[in-house]
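A closer look at the structure
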Amino acid sequence: MTGRRKAVLVTAVATILLLVAAACGDDDTEATPTTTSVEDSASSTSTDQTDDDTTTSEAADTSTTTEPVELTDSFRGVTADTILVGFTTVDFARLNQNFGLELTFADGVPAMEAVVADLNERGGILGRRIELVSRRFVPVGPVEVEAICVELTEDLGVFAVLGGFAGPGAEDVNDCITDTHETIIVGGTPTPQQLARARAPWISNTMERERRARGLVAVLEAEGRLAELGVIGILASTPNDAGVVDAARDAFTAAGTEVAFDAIVSTTGDETATRGEVDVFFERGRAEGVDTFLFIGDDAYANEQLIARSGDTNLLWLYSDSVQGWNTDPPPGLDDVPLLLATGSGEGSRDDPAWGNCIELVDAAYDTEIRPPHELAVGETNHWSALSTACLNVRLFEQVATAAGADLTNESFAAAAAGLGAYELPGSPFASLGPGKPDGLDTVRLTTWDHGAGQWTPISDPFDVTG
């Protein structure tokens, strides 16, 4: 495997870990406690890190609540004064070292510390300050993350974990948190199967993948783009997406679009075998009159082979996160593909007032002006993923935990999440939680590859796919 291809593969994994895990979400400003100034809260932020990756936010003045409430030691990790919260994040320094990579994602811990310090400065959760315990992990295999799960849930007894685990062999260890140890997760991209097994709440600012597939077809139909796509072939990069394939096929069929066939790559991670399978599927597509391939997944080898073999076949991606990096490092052959479309959920911008003061807090944490990925040159550090993970997951946790009231437990947290309703996400105007709906993002927009500009460009208004 060449250095570039190895980097592409791991970059795709890392991008999904951070961009999907933190995709989009903000709090409902009507339920947010009064904030102090950015300058005051930023000055109280500490980014010191201990050798064992443990960080604890210092307690701040908690007198900003308007009405006193009686607080008790209501649950594991919750005392009358504090809430113990874990944070899990990719260790990019070790990932680069272990695999000889040059990934430019910033360490997520300083951003999380800054946002939690600000929350404590504003009074915490009804007067309880957050005590933060951070753990970094390499997103390859289950061994390291299993040990972190046991430490956070069993040894330390955290009330909730922000982020969770993602990556090959690591994503299934989330069951250790939500099922085995009945501990809340805020963040990540849970599958329906993981949610069914979870015995503690798991909420996120992302969109469940089967719902995204239906949303993709809905926005294509609303924008009048289905006819130009012609006959569809559906290709997924992993058997885990079989349910997503079914949802996409059913949605296209219901909209009157012919789906010639669907298939799943069975050799993810094996470059030669994956390219061979994609070749077979492309030949089948040509024989069955496929005009457009929909690709579901993030496999770098499959992506590259799709582009290499496309010819006059259109390409459509369900998840835009895995291809957004092309804005700064496009793979060869893109200009030869007649039409490339993908779904997106929002556009990051520091000009979006929905971010409130969070961007400035994270600016101060890294002593730089944070910029969205599409504004970065090759090799520049990407702080935006760390910003999103911290700002959006903390704000969602703050919103739901505050609504849960003084008696904070798994049960009251679950009830509060089910009753949250619509809330605000930067760059994504539609978001909500509700009964049986733990995935908050409801916004889909269509983007296309602009051959002239060499970047992904939105071509539709945001579309509400709440249902």
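In this text, all values refer to a predicted model and were calculated from it rather than measured experimentally. (Residues numbered from 1 in each chain as written. Predicted model: local features only at pLDDT ≥ 70, side-chain atom pairs only at ≥ 80, totals over all residues. Heavy atoms only, no water.)

Looking at the overall build of the protein
- A tally of helices and strands in the protein yields 15 helices and 15 strands.
- Taken over 467 residues, the protein has a buried fraction of 55%.
- Intrachain contacts of the protein at a sequence separation of at least 6 include 72% that bridge at least 24 residues.
- Total accessible area on the protein is roughly 17,900 Å²; 49% of this is exposed by carbon and sulfur atoms. (Helix = DSSP H or I, 4+ residues; strand = E, 2+ residues; numbered from the N terminus. Buried < 20%, exposed > 50% of the residue type's maximum accessible area, 1.4 Å probe, protein only. Contact = heavy atoms within 4.5 Å. Areas by Shrake-Rupley, 256 points an atom, 1.4 Å probe, with all protein chains shown as cover.)

Topic: the sheet that holds strand β2 (residues 129-137)
- Spatial ordering of the open sheet is given by β2-β1-β3-β4-β5, a layout of five strands whose pairing is parallel. The open sheet has two free edges, formed respectively by β2 and β5 (202-203), since each of these has just one partner strand.
- Relative to strand β3 (residues 160-162), strand β1 (residues 82-90) is paired through three bridges, and the arrangement is parallel. When the bridges of β3 are listed, F87 appears paired with L162. (Pairing = 2+ DSSP bridges.)

Side note on the packing of helix α13 (residues 358-366) against helix α14 (residues 384-404)
- It is at 10 Å that the axes of α13 and α14 come closest, and there the two elements cross at 130°. Taken as axis vectors, α13 and α14 run oblique relative to one another. Where α13 crosses over α14, the handedness of that crossing is right-handed. Here α13 contributes C358, I359, V362 and Y366 to the contact with α14, which in turn contributes W384, A386, L387, C391 and R395. (Axes fitted to C-alpha atoms, helices over the stretch in contact; angles between N-to-C directions. Parallel < 35°, antiparallel > 145°, perpendicular 65-115°, else oblique. Left-handed = near helix turned anticlockwise from the far one by under 90°.)

Some points on unusual backbone geometry
- Residues other than glycine seldom take positive phi values, yet E182 does so here, at roughly 45°.
- Positive phi, close to 55°, is recorded for D367, a residue that is not glycine.
- Tracing the chain through its elements places D367 in the loop between α13 and α14.

What to know about the state of the cysteines
- Applying the stated criterion across every chain, the model contains two disulfides.
- Disulfide partner of C358: C391, at an S-S distance of 1.9 Å. Judged by the sign of its S-S torsion, about -100°, the bond between C358 and C391 is left-handed. With C358 in helix α13 and C391 in helix α14, this residue pair connects regions lying 33 residues apart in the sequence.
- With a relative accessible area of 0%, C391 lands in the buried category.
- By sequence-ordered numbering of the bonded cysteines, the protein has its disulfides arranged as 1-2, 3-4. (Disulfide = S-S within 2.5 Å.)

A closer look at helix α3 (residues 92-99)
- Taken together, the buried positions of α3 are occupied by F92, L95 and N96. What you see down the axis of α3 is that its buried residues fit within an arc of 95°, all on one side. Away from the buried face of α3 by more than 90 degrees, exposed residues A93 and Q97 are located.
- Within two residues after α3, G100 carries a phi angle of roughly 65°, on the positive side. (Arc of directions from axis to C-beta.)

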